[in-house]
Amino acid sequence: MGIHSDDQKAKMKEMQDNLQADTHPLKRYRHIGERGGRRLDGYKKAGGDADYTMDVQLPGMLFMRFLDAPYPHAKIVRMDTRRAEQLPGVRFILRYDNPELPEKASMGKLPGLYGDQPPLPGIAHFEGEPVGAAVAADTESIAEEALSLIEVEWEQRPFNLDVIRAREEDAPLSYPEMYPAGNYWNNGLFNELVQGDVKKGFAASDRVIEFEFFRRGHTWIGPERPCGVFRWNGDCPELWVKQQRPHLVKKNLSTWYGGVPMNKIQLHCLYQGASFGGWVQVSWNMGPLYCAGFVARKTGRPVKYVFTRREDFYGESMDNGRYRYKVGFKKDGTILAVEGVSTIVNQQWPMFNVMNHFRENTKIPHLYGRSESVWVNKGPAVPTRCEQLPTTLSMTMVFSRVAAECGLDPVEVALKNDGYEGHDMVRLEEEKRQRGFPATDSLKECVDRGRAAFGWDDRWHPPGTRRLSNGRMHGVAFTWTNEWDDSLGTGEIAIRIERNDGTASILAMGCDNGVDAENTYCRIAADELGMRLQDVHYNPQTDPGFFRMSPDSSTNASVNGWAVRHAARILKQQILQAAVSPTAQTQRGEYRPAFEDCTPEDLDIEESVIFRKSDPSVRKSLADFVMEAGQSGPISSTENAGFRWAFTEPFFAFGYHVQLGSYNPENPRPHLTRQAHFLEVEVDSETGEIFITKAVNVNDVGKAMNPMSCEGQQYGGTIMGLSRGKFEEMIYDSVTGVMLNGNLLDYKIATIKDVEAPIGTILVESGMGYGPYGSVGIGEDIGTVMTGILGPAVHNAIGVWIDDHPITPDKVLKALGKA
Amino acid sequence: MTGKGTAGFTCPYCGKRFDTFEELKQDILTSHRGSPLPAPEGQIRLIVNGQEHVENVEPSWTLYHLIHDRLGMTGSKQFCDRGACGSCTVIMDGLPVLSCMVLAIECDGRTIETVEGIARDNHPLIESYVEHHAMQCGYCTPGFVVTSKALLDRNPDPTEEEIRDALSGNLCRCGTYPQHIIAVREAAGRLPGHKDSGGV
Ligand code: FES
Ligand code: FES
């Protein structure tokens, strides 16, 4: 490799954990940012050819099903599996007390939160938890029948379902094995955020208000249920997993069964029927995979497990609980102090502080945030399209309250308080300049465009003041925050130029969740390499490494996008260097360069053709340049025929990227780009029904590399967010602790009939992201931010706050004094 | 089908009942001589995507299980497992049905069309879904395509409202709904004979 690719490697290293504007953007974009184009995985997905883990079937495969706890907190005292074992077709029953099962195994990486846990517990901490026994049988129905033949004697224990009750002194212990001293994580304090002195802020305020609200637990509903297939090839495990972070599976597995070297593990991650977050890393899901591997080894047959839809229902979002606020502000809407306390259940993931987005986005000088995690006997709470649900919900509720209290337009209140870490916009603009960014006022631009598209100025009105001719009350709401620029992760990606036709293969650990990441990678590689888009293909790798913190989902643009770009730039320099160097050097002699008498700088590549910049007629396609894959090599065969035809070096380069982003107490990079959302509703004050009539999203994504994919996240996130705000809640019977609506008939999610309103999607491209070409990610944030916006919209319609989300018709009627 | 019921013995060809086995035998020899052997219990014949399949099915098997697990046509997906999501939809004798809610044994003599058949026939829906990115994770997508195909078969020029009605039983967690309306409308315009398709 010549000096030039080394230069590019040095530049790659300079860009690690980027804190500034992209100093080396492309001069010209061809495919990056191009609108339209077929979806690259579209034919497979629409035509039924895309394979998911649920579709995997192997010869001789056994099906595994789990015993589900009938009680919310109970210990198995005695279990009789003899009748089940005698059922024809049952091949193995793994019991929780099998002496070969370890007491605990690695199920994640954060000890205490979701670290080492029993792979098959004998104690249930929520109703429906797979515990006690795993049955492997020839068919799923035999496994199911066998489960019904297992006799269990349970020792029922007292339980908690309610977050407030669970934090009281005399509450029973929800999880005594992990938390013997009480139902709090870390004595109640999950994390704390202090900025300034809220007391001073309240004292200087014209008004101080206090309020609280509840958000009830909801779940992700990945369409493909949790599943996995495990097979042993000798001492090498081969597995297929539905997991958003396959590298963690491999890491955990390497410690199981007495230890398996990483290089013996073959892991396949096929298309993923969406998972929306971090549930994959908890023992609840990892344990079954452990059991499948254990039984596969015992039986010598591949084992597949698939959770039932109900089993998948127990996972919770990270916002289920109570939120309390005290807010001090001036009459003009300038907020001086916010104190927020969130008390949320079962956090199995490092949770964002409830005041985080206030710190990141506003000039509010005094903030105090306290996030508490309380254990109740429900399923684990993990990121469900984002762990930032509580803090964005808080932004929506606090800003809407202040605007309503002051009788001000919420858009104006947002603009008035925009800033970062207590500093105003002047300071933020200075930050932008120092880091090489354009000093665009992102929120102003988002608001201006959204306001015009929505018709905000005609539609906004004081709360409870507009009744429509159809008899319904009319309401609107606005919310805002930053774009998620806090990407954390690593990414490793390689690109290879294929022999014979000179096409490029992007090699990376795959895990497609549907955000069209491959399209983005291909666009970056095509533009950077000077290739046609159709000549670049993403070949997701099942195993060989190329680890990525979050393949094809979170941090795509901001981490993996960088890695593709680094690899493409190194590769391009390799190609140009090779183009002016001897085509090959062997003991027979030296072979003439493809481009003679010039340097790499004299050449470029466009449309997959290398050419001399000063005379484009001197050109060679990449295919001709890389030449054929030889048997003994074209060198010898062509020499026999009387002429020399050389064999170029193989072209392969890898890039990587490491990023901490703003996940750092000192936060070395302020959030620069903003998003703004507008919603219109009509409320039937007789029935309490809410009709969504218009939504507009404006997202400053810095640079939209793949606009249709960005828009997909805008309307898709809006639909998921509003569905959560309007319908979604897991309901438990308070006497038995049993979930009552763990299926898709009783737990409603939005259908196509629920989104008849137009959903506006506007992309702002300020170039102010820390990702490649100034980009920012968009996949997680809209679904998260839109979850809370229905509350203020309904308030604007009926003039009464409903402090219990989701906002359902019965609550509307109650608020109106009609129920 | 065969065997001793409460009224004696049942003829496997015509269902007639006899008190003794001898009577049954005599009747078969006189009335059904030369007829092909009756199908064994649990055997069904059905046409899937134009091809005949003869399968021995267990009484508890769903049509989804038969198609997905036995015939290996994995385009039909199982999102909910109880008739709530539409992702397992196939077309049976021209009508969309939820294959997780139909017993395979009831499908004797039926004609089934799955997403694989629709794609193989190059139905304009496929290209239109690809162009309009009417999918994200793609897990629900085949169910939408099959339901839309059934709609276009009976109504080649549906309105937006008619598309919404037809697809109201198909769930998509990724929230791709707006694109389906666009994709189905456009596919309708490309159907042979449609005023916009340029065909006859
Ligand atoms: S799987 Fe058949 S309707 Fe959901
Ligand atoms: S595309 Fe993911 S569920 Fe519809």
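This is a predicted model, so every value here is computed, not measured.

## With respect to the overall build of chain A
- Across its full length, chain A holds 23 helices and 29 strands.
- Here chain A has a C-alpha radius of gyration of 29 Å; the compact-globule value for 819 residues is 28 Å, and the two agree.
- Along the first, second and third principal axes, the C-alpha atoms of chain A reach 95 × 75 × 50 Å.
- Classification of the 819 residues of chain A by burial places 64% in the buried group.
- Long-range pairs, those at least 24 residues apart, make up 78% of the contacts in chain A with a sequence separation of at least 6.

## Things to note about the sheet that holds strand S4 (residues 123–124) of chain A
All names here are of chain A.
- Pairing is antiparallel in the open sheet, where three strands are placed in the order S4-S2-S6. Either end of the sheet is taken by a strand with one partner, and the two such strands are S4 and strand S6 (151–156).
- Sheet analysis places strand S2 (residues 74–80) next to S4, joined by two bridges and oriented antiparallel. Opposite Ala 74, over in S4, you have Ala 124 as the bridge partner.

## Concerning the pattern of salt bridges
Residue and element names in this part refer to chain A.
- By the definition in use, this model includes 63 salt bridges over all chains.
- Linking Arg 157 and Glu 155 is a salt bridge whose minimum nitrogen-to-oxygen distance equals 3.9 Å.
- We classify Arg 157 as buried; its relative accessible area is 18%.
- Judged by relative accessible area, which is 38%, Glu 155 ranks as partly exposed.

## Side note on helix H12 (residues 410–417) of chain A
Residues and elements named next belong to chain A.
- Buried within H12 we find Pro 410, Val 411, Val 413, Ala 414 and Asn 417. Taken down its axis, H12 places every buried residue within 160° of arc, on the same side.
- Among the residues of H12, the N-terminal cap falls to Asp 409, whose side-chain oxygen and the backbone nitrogen of Val 411 are separated by 2.9 Å.

## Structural notes on the packing of H12 of chain A against helix H14 (residues 442–454) of chain A
Residue and element names in this part refer to chain A.
- Where H12 contacts H14, the two axes come as close as 10 Å, and the packing angle between them is 165°. On the basis of their axis angle, the class for H12 and H14 is roughly antiparallel. The element H12 and its partner H14 pack so that their crossing is left-handed. Residues Val 411, Glu 412, Ala 414 and Leu 415 of H12 form the contact with H14, whose participating residues are Leu 443, Lys 444, Val 447 and Arg 451.
- Taken together, the residues of the contact of H12 with H14 sort by class into five nonpolar, no polar and three charged.

## Here's the deal with the environment of Arg 459 of chain A
Residues and elements named next belong to chain A.
- You can see Arg 459 is positioned in helix H15 (residues 456–459).
- A residue is classified by how much of its surface remains accessible, and Arg 459, at 26% relative accessible area, is partly exposed.
- Separated by 16 residues in the primary sequence, Arg 459 and Gly 475 place their C-alpha atoms 8.0 Å from one another.
- Aside from chain neighbours lying at most four places away, what touches Arg 459 is Phe 454, Arg 466, His 474, Val 476, Glu 680 and Lys 694.

## Side note on the pairing of strand S1 (residues 62–68) of chain A
All names here are of chain A.
- Where burial is concerned, most of S1 is hidden: six out of the seven residues are buried.
- Relative to strand S12 (residues 303–306), S1 is paired through three bridges, and the arrangement is parallel. The partner of Leu 62 across the bridge, within S12, is Val 303.
- Inspection of the sheet shows S1 paired to strand S5 (residues 130–137) by five bridges, in the antiparallel sense. Among the inter-strand pairings, Phe 66 is bridged to a residue of S5, identified as Ala 134.

## Examining the interface of chain A and chain B
- Each partner contributes residues to the interface: chain A has 49 residues there, and chain B has 45 residues.
- Regarding the contact of chain A and chain B, the summed buried area is about 4,200 Å², with carbon and sulfur atoms giving 57% of it.
- Sorting the residues of chain A by area buried against chain B places Ala 46, Tyr 715 and Ile 752 of chain A first, and these three jointly supply 16% of that buried surface.
- Applying the counting criterion to the chain A and chain B interface returns five salt bridges.
- In this structure, the salt-bridge partner of Arg 173 of chain B is Glu 728 of chain A, at a minimum N-O distance of 2.8 Å.
- For the side of chain A that touches chain B, the secondary structure elements donating two or more residues are helix H2 (42–46) and helix H20 (707–726) of chain A.
- In terms of residue count, H20 of chain A provides more of the side of chain A that touches chain B than any other element does, eight residues in total.
- Of the residues assigned to the side of chain A that touches chain B, the class counts are 20 nonpolar, 17 polar and twelve charged.

## Brief notes about the side chain of Lys 694 of chain A
All names here are of chain A.
- Looking at where Lys 694 falls in the secondary structure, it is placed in strand S27 (residues 690–700).
- Summary of buried charges: Lys 694 has no salt-bridge partner, and the nearest side chain of opposite charge, Glu 680, is 6.5 Å away.
- Once residues lying within four places of it in the same chain are set aside, the contact partners of Lys 694 are Ala 453, Phe 454, Arg 459, Phe 678, Leu 679, Glu 680, Ala 757 and Pro 758.

## Quick word on helix H11 (residues 389–406) of chain A
Residue and element names in this part refer to chain A.
- For H11, spanning 18 residues, the distance from its first C-alpha to its last is 26 Å, which sits close to the expected 26 Å at 1.5 Å a residue.
- Of all 18 residues in H11, 15 are buried; the element is thus mostly enclosed.
- One or two positions beyond H11, positive phi appears at Gly 407, with a value near 70°.

## Thoughts on the nonpolar core
- Among the nonpolar cores identified, the biggest contains 102 residues, and Met 64, Leu 94, Phe 230, Leu 239 and Trp 256 of chain A together with Tyr 129 of chain B are the most heavily contacted of them.
- Per element, the largest residue contribution to this core is nine residues, and it comes from helix H8 (residues 283–299) of chain A.
- The contact partners of Met 64 of chain A, leaving out residues within four places of it in the chain, are Ala 134, Val 135, Ala 136, Cys 291, Ala 292, Val 295, Val 303, Lys 304, Tyr 305 and Val 306 of chain A.

## Details of the packing of helix H4 (residues 124–131) of chain B against helix H7 (residues 177–190) of chain B
All names here are of chain B.
- Contact geometry for H4 and H7: axes closest at 8 Å, N-to-C directions at 140°. In terms of orientation, H4 and H7 fall into the oblique class. In this structure, H4 crosses over H7, and the sense of that crossing is right-handed. Residues Pro 124, Leu 125, Glu 127, Ser 128, Tyr 129 and Glu 131 of H4 form the contact with H7, whose participating residues are His 180, Ala 183, Val 184, Glu 186, Ala 187 and Arg 190.
- Its residues assigned to classes, the contact of H4 with H7 comprises six nonpolar, two polar and four charged.

## So, the pairing of strand S24 (residues 615–621) of chain A
Residue and element names in this part refer to chain A.
- Taken together, the four bridges between strand S23 (residues 609–612) and S24 define a ladder with antiparallel strand orientation. For Arg 612, the partnering residue across the bridge sits in S24 and is Asp 615.
- Connecting S23 to the next strand, S24, in antiparallel fashion are two residues.

## Remarks on the environment of Gly 725 of chain A
Residue and element names in this part refer to chain A.
- Summarising the element assignment, Gly 725 is placed in helix H20.
- Along the primary structure Gly 725 and Leu 790 are separated by 65 residues, whereas in three dimensions their C-alpha atoms are 6.0 Å apart.
- If sequence neighbours within four positions are ignored, Gly 725 has contacts with Arg 215, Thr 787, Leu 790, Pro 806 and Ile 807.

## Considering the packing of aromatic side chains
- Counted according to the given criterion, the structure contains 35 aromatic pairs over all chains.
- Centre to centre, the rings of Phe 9 of chain B and Phe 21 of chain B are 5.9 Å apart; their planes meet at 70°, and the pair counts as edge-to-face. Pair noted here: Phe 9 of chain B is in strand S2 (residues 8–10) and Phe 21 of chain B is in helix H1 (residues 21–31), with a separation of twelve residues, a long-range link.
- Taken together, the ring pairs in this structure connect Phe 66, Phe 126, Trp 220, Trp 284, Tyr 305, Phe 307 and Tyr 314 of chain A into an aromatic cluster.
- Note that Arg 565 of chain A overlies the ring of Tyr 773 of chain A, its terminal NZ or CZ placed 5.0 Å from the centroid.

## Description of the sheet that holds S23 of chain A
Residues and elements named next belong to chain A.
- Pairing is antiparallel across the open sheet formed by three strands, whose spatial order is S22-S23-S24. Of all the strands in the sheet, the pair left with one neighbour each is strand S22 (603–606) and S24. Adjacent strand axes in the sheet meet at a mean angle of 30° when their direction is disregarded.
- In terms of strand pairing, S22 meets S23 through four bridges, oriented antiparallel.

## Here's the deal with the confidence of the model for chain B
Residues and elements named next belong to chain B.
- Scored by pLDDT, chain B has a mean of 92; 94% of the residues are at 70 or more.
- Here residues 1–5 is a poorly scored stretch, pLDDT under 50, and it has ten contacts once near neighbours within four places are set aside; other chains count.
- Interface confidence in the predicted complex, given as ipTM, is 0.96; pTM for the same model is 0.94.

The rules behind each value
- Counting restarts for each chain, with residues numbered from 1 along the sequence as it is written.
- For naming, the first written chain is A and the first written ligand is 1, with later ones following in the order written.
- For a predicted model such as this one, the threshold for reporting local features is a pLDDT of at least 70, and the threshold for listing and counting side-chain atom pairs is 80 or more; totals across whole chains, interfaces and linings nevertheless cover every residue.
- For side-chain calculations, the full set of non-hydrogen atoms in the structure is used, while hydrogens and water are omitted.
- Labels follow the DSSP assignment, with helices taken as runs of H or I lasting at least four residues and strands as runs of E lasting at least two, numbered in each case from the N terminus.
- We compute the radius of gyration from the C-alpha atoms alone; for a globule the expected value is 2.2 Å times N to the 0.38, where N is the number of residues.
- Any residue under 20% of the maximum accessible area for its type is buried, any over 50% is exposed, and the rest in between are partly exposed; the area is computed with a 1.4 Å probe on protein chains only.
- Throughout, a residue-residue contact means that at least one pair of heavy atoms, one from each residue, lies within 4.5 Å.
- Only strands that DSSP links by at least two bridges are regarded as paired with each other.
- Any carboxyl oxygen of Asp or Glu that lies within 4 Å of a side-chain nitrogen of Lys or Arg is treated as forming a salt bridge with it.
- This arc is built from the directions going out from the helix axis to the C-beta atoms.
- In protein, a polar contact means a hydrogen-donor-capable atom and an acceptor-capable atom, both N or O and within 3.5 Å, with residues adjacent in sequence counting only if both atoms are side-chain atoms; elsewhere, any N or O pair within 3.5 Å suffices.
- Angles shown run from 0 to 180 degrees and are taken between the N-to-C directions of axes, each axis being a line fitted to C-alpha atoms and, for helices, limited to the stretch in contact.
- Should an angle fall under 35 degrees it is taken as roughly parallel, and over 145 as roughly antiparallel, whereas 65 to 115 is taken as roughly perpendicular and any remaining angle as oblique.
- In a left-handed crossing the near helix is turned counterclockwise from the far helix by less than a right angle, and in a right-handed crossing that turn is clockwise.
- Amino acid classes used here: Ala, Val, Leu, Ile, Met, Phe, Trp, Tyr, Cys and Pro are nonpolar; Asp, Glu, Lys and Arg are charged; the rest, including Gly, are polar.
- In short, buried area is how much 1.4 Å probe accessible area vanishes from two parts on joining, totalled over both.
- Only four residue types enter the charge count: Lys and Arg as positive, Asp and Glu as negative, with His and the chain ends excluded.
- The span you would expect from a helix comes to 1.5 Å times its residue count less one.
- We define the nonpolar core as a collection of buried residues of types Ala, Val, Leu, Ile, Met, Phe, Trp, Tyr and Cys that are connected through side-chain atoms lying within 4.5 Å of one another.
- Here is the rule: rings of Phe, Tyr and Trp (six-membered ring for Trp) pair when centre to centre is within 6.5 Å. Planes less than 30 degrees apart are stacked, more than 60 are edge-to-face, and the remainder are tilted.
- For a ring to carry a charge above it, either NZ of a lysine or CZ of an arginine must fall within 6 Å of the ring centroid while also lying within 35 degrees of the normal to the ring plane.
- The predictor attaches a confidence to each residue, and that confidence, scored 0 to 100, is pLDDT.

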